[in-house]
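# Chains, contacts and geometry: an overview
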Amino acid sequence: MSTPPVAVVGVGQTHHKSRRLDVSFGGLVREAVFRALDDAQMTLADIDAVVLGKAPDLFEGVMKPELYLSDALGAVGKPMFRVHTAGSVGGTTAIVAASHVQAGKHRTVLAVAFEKQSEGNAQFALGSGKGASLGAGGAFAPFIRAYIQRSGAPEHIGWKVAVKDRLNALKNPYAHLKIEDISIEKVKASPMMWEPTRFLESCPSSDGACAVVITDEAGGNAAAADGRPPAWILGSSSRSEPPSFPGRDPVRPMAALQCAADVYSAAGITDPRRQIDTAELYVPFSWLEPIWLEAFGLAEEGEGWKMVDDGTTELGGALPVNASGGVLSSNPIGASGLLRFAEAANQVRGAAGEHQVDGAKVAIGMAYGANNQYFSTWAVGSSLHPFD
Amino acid sequence: MTRFIESTITFPYKRSLGPVVGAFMTALTEKQILGIRSGDAVLVPPMEWDPSTGAELAHEFVEVGPAGTVESWTWVTTPSEQHPLDHPFAFALVRLDGATTPLLHAVDAGTPGGVSEGMRVAPRWRGTRAGRIDDIICFVPGEVPETEGEDTGGAAEPVTRMDYLASITYRNPVPEAADRATEASREHRLLGLRCPACGRVYAGGRGLCPVDAIELGPECEVDLPHKGTITNFAIVTPVQYPGQTETEPFVRAFVLLDDTDVIIPYSAVIELPADQIRVGQRVDAVWASPAEETEEGGGMGGSWGSLLGWIPNGEPDLDDPDLVNRIF
Amino acid sequence: MSAPSTDIAVIGWAQSQMVRHTDKSETQLLMSAITDAITPLGLQRADIDFTCLGSCDYITGQAFSFVSNLDAIGAWPPKRDSHVEMDGAWALYEAWLRLQEGDIEIAVVTGSGRSSTGDPALIYPMEMDPYFLAPLGADPLTFAALQARAVIASGIADERRMAEVAVRARGTGNVESLLAEEFIRQPLRRHDVPPITDGAAAMVLATGDRARQLVERPAYITGFDHRTECHNPSFRALDDSPSTRIAAEAAGLAAAPVEVAELQAAFTHEELLLRSVLGLGDDVTVNASGGALKENPIMASGLCRVGYAADHIFGGGNRALAHSTSGPCLQQNLVCILEGRS
């Protein structure tokens, strides 16, 4: 790629909970921001621009919150930008922040995404206040049914993903859901929500924020020299397709395939399954893991569920997926995409703590939004040329 | 003639205040107004951070007022339903004694002539205070605070939450295509629109082709069959929220109309319990009697006008592995 | 770190009909605006490499409202695409940054909004501080009035000059009879405030070589910046607009004179304040289009300013400034400098 190298040098997030009653809006985002700045060994004064991402403002009843949060984010006198691409927004936030640096316009940019959805009601907001809302999972149940039929996957695959992600969350100090005694039986016994997805196969509704500090090549090198290796951004892409027309594929949306192709091409990834060490995929309902494994070329078509079944995607497996516990464990909707991107970055920085994938050099973070229409993905590496 | 639909989005938000706004609101219940120290300044209303730099402020609260000076004002001739008073009043920036920055609030001055820069005002407190900025109903001319109604005293516990009822009414046009689809349904016709560029057909009043990004007008209309096959479905276990209408698991089905590629998404099913729905099931359209008609439809809604939903017709199931993919 | 390329240009734009109250949906407005923007350039939707939309859920009255707007793009095959919950002028900024990466050539940005849908006096308080201002229903007219008072006190404006701005913007009325009208929010009168307008705009950007293939005189973006200020107007000096000043400096306004300036001044005093802060003398033609006082399609208003500024370049002009704003009392400001080349 001809664009100048860009690096992640700081990552921060809040303790995600169903209700962060202890903080105001500003308090919530600042918790993540100051953690990211501390991680980058920087202060607000080092930030040249702020990019804020968030899901619909109806969730909190605050319109255009970047206005209210300008001073909270230390953005006075600086550019402040607000993106909104539905569920993929957290990912888009990181990509747009990186774009600010890549363009040569700003040196160090803070990407922040949050949701304080306990102040409202997520199901209400998703249905814009009308009755008989499909709810978060209702739109995806048909896609999941299509996948199961096409692939012939056995019914326990969804439960296995749920158990895996919830066990991973126990190793993530920030994760919302910590279910110590999680098991297949427990998942199987939980109430049905959107057939076949059960309660314990579904994401929670969380309050939370994530912040990432992105800087230029010099900044990345300085962090490396200081013993704080950055995550180099190897490639990124955002692709969208319309919600509904005859010919759309519910299980392998072309926007996902193209988003992956864009990123792999930029990053020099020709064999994703072998060259990617770990992936943070946006899985709010368990069956989306095998679906995305396939759409993102980590598994052959129809084979994604086998990677779940044989333990490949577990933390100790050959290609751990969602070592952080993923969206299934924490879902502040606007922030969830950024969390995927941030966790991927942390993996290649060796900064993932107890859920670190040993020796991870290349990782991808992926988010999607709306009716499987908006896809944002990035690939990060511990070096700029990890395949040389 | 375009029809408009009015819809109101209402929600009772419940905010958490954090330590600084919480302290301010708690003090309001005690009829005290707090600012916070930021360097040499006293910020009112108090912020958790220095507004210029974003630096965290130590929780050094300073009591200000109760009286203050009007620094600037404007006159509200016709108050909105959200304003603090329901008769004409002044919105003013009031610098409370001891504060560096002014607070925006209402001044009940009676007439525009009754408010001026430099005049002194004091709070009119609400008798029963909840820990909200409108525990101060407004400011009144003079130095002496008032209390309206019986004073029920300060909050028993520190205030940490705040209610905010948001209610906005929108008027949106019903696209012509949606109305025509609804009209046609009164005659028990399922109307589709065929895109002249790609040949795809869209039903339910969707008046455009998203692939070619063109509008589809009446000249594109085609009549669609009333028979179809269930290709996929969602069985939703309802969650409670303000405005929820369901209490039992309900089905939303996808119906592929015979001899077409048209999918009617998110359709209601009639006399088909959730545990008996199958991919491949053959169904017929069900039309409403005049009393059952609805205005919903188009886009996400699978029912519009007189089309209520779909009912099993007893024909043998269609066995086609590709059916389940036909969702769009 | 190298500076951004100045070889990215606006090559065309179009707007829907701007009306008080449209019976078209936002998607319909956008669909025709995009078609009208690309067709004269000999382009089709398939030629667009990147799209960025600007719109606001709360104006439309529906969460995820921008998703339907995707239908206006023809995003099949899937498009590189993004969306900002801001005026299209900021969507332009995102696209400008994206084009800098050099791997794509043509972008389309849009701004759209049907602000006739709901009552601004009831919607806009929701963008204010949620604890101290929103619960009072503190509305944009109130904040504008307070800023007007400060601007008048500073001598940058007076009611007569504000009326003159209104007359010039709308091309009708006379100052004396306007000044005889009642205040609607002292010191603002009806002529000082913007109309409610439904509308959409779409703009085409291209990188240098492609731009020169497509049009004779591209409007090159030679400077582009935006800045924000602290939110609560109580904490600011309302007789100034420091973020405008900083953005203009960073965009390189001072490097050479501009002939034309399109300022997103929704209120008459804002035009006078912005003129003053930007140091625009009488030799600069301000808001020949009528500006936001004539037509104010929220979420597209700023993009239209860039469009009219670009028109000046297309027509042979050398240098133009476009400005956009967001938030109470000009909280956030964007400055875009466009230039032609001989």
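Note that the structure is a prediction, hence the values are computed from the model and not measured.

A separate point is unusual backbone geometry. Along the chain, Val 44 of chain B connects to Pro 45 of chain B via a cis peptide bond; the corresponding omega equals 0°. Along the chain, Pro 45 of chain B turns up in the loop between β3 (41-43) and β4 (61-64). The step from Trp 76 of chain C to Pro 77 of chain C runs through a cis peptide bond, and the omega angle for that step is 5°. Mapped onto the secondary structure, Pro 77 of chain C falls in the loop between α3 (65-69) and β3 (79-84). We note that Ala 213 of chain B has phi near 55°; this positive angle belongs to a residue other than glycine. Looking at the element boundaries, Ala 213 of chain B is found in the loop between β14 (208-209) and β15 (214-215). Although it is not a glycine, Glu 271 of chain B sits at a positive phi angle of roughly 55°. For Glu 271 of chain B, the location among the structural elements is in the loop between β19 (263-267) and β20 (282-287).

Once that is clear, we can look at the interface of chain A and chain C. Each partner contributes to the interface: chain A provides 57 residues, whereas chain C provides 55 residues. Contact between chain A and chain C buries roughly 5,000 Å² in total, counting both sides, with carbon and sulfur atoms accounting for 63%. Its largest share of buried area at the contact with chain C, chain A owes to Met 63, Leu 67 and Lys 105 of chain A, together 15% of the area lost on that side. Across the contact surface, chain A and chain C share two salt bridges. For Lys 64 of chain A, the salt bridge goes to Glu 127 of chain C, with nearest N and O atoms at 3.8 Å. One can count 21 residue pairs in polar contact (both at pLDDT 80 or more) joining chain A with chain C. Of all the secondary-structure elements, those providing two or more residues to the side of chain A that touches chain C are α2 (65-69), β3 (80-83), α3 (89-102), α4 (122-126), β8 (231-240) and α10 (254-267) of chain A. Here the side of chain A that touches chain C gets five residues from one element, more than from any other, and that element is α3 of chain A. One ladder, built from two bridges, connects β8 of chain A with β3 of chain C; its direction is antiparallel.

Let us now look at the interface of chain B and chain C. Taken together, the contact between chain B and chain C spans 56 residues of the former and 50 residues of the latter. Summed over both partners, the interface of chain B with chain C comes to about 4,400 Å²; 63% of that surface belongs to carbon and sulfur atoms. When the buried surface of chain B facing chain C is broken down by residue, Gln 82, Leu 104 and Tyr 170 of chain B rank first, second and third, together holding 13% of it. The tally of links from chain B across to chain C stands at two salt bridges. Glu 117 of chain B is the salt-bridge partner of Arg 149 of chain C, the closest N and O atoms lying 3.3 Å from each other. Linking chain B with chain C are 13 residue pairs in polar contact (both at pLDDT 80 or more), by the criterion used here. A class-by-class count of the residues in the side of chain B that touches chain C yields 35 nonpolar, twelve polar and nine charged.

Each value, and the rule that gives it
Residues numbered from 1 in each chain as written. Chains lettered and ligands numbered in written order. Predicted model: local features only at pLDDT ≥ 70, side-chain atom pairs only at ≥ 80, totals over all residues. Heavy atoms only, no water. Helix = DSSP H or I, 4+ residues; strand = E, 2+ residues; numbered from the N terminus. Contact = heavy atoms within 4.5 Å. Buried area = accessible area lost by both parts, 1.4 Å probe. Salt bridge = Lys/Arg side-chain N within 4 Å of Asp/Glu carboxyl O. Polar contact = N/O pair within 3.5 Å; in protein donor to acceptor, adjacent residues only side chain to side chain. Pairing = 2+ DSSP bridges. Nonpolar A, V, L, I, M, F, W, Y, C, P; charged D, E, K, R; others polar.

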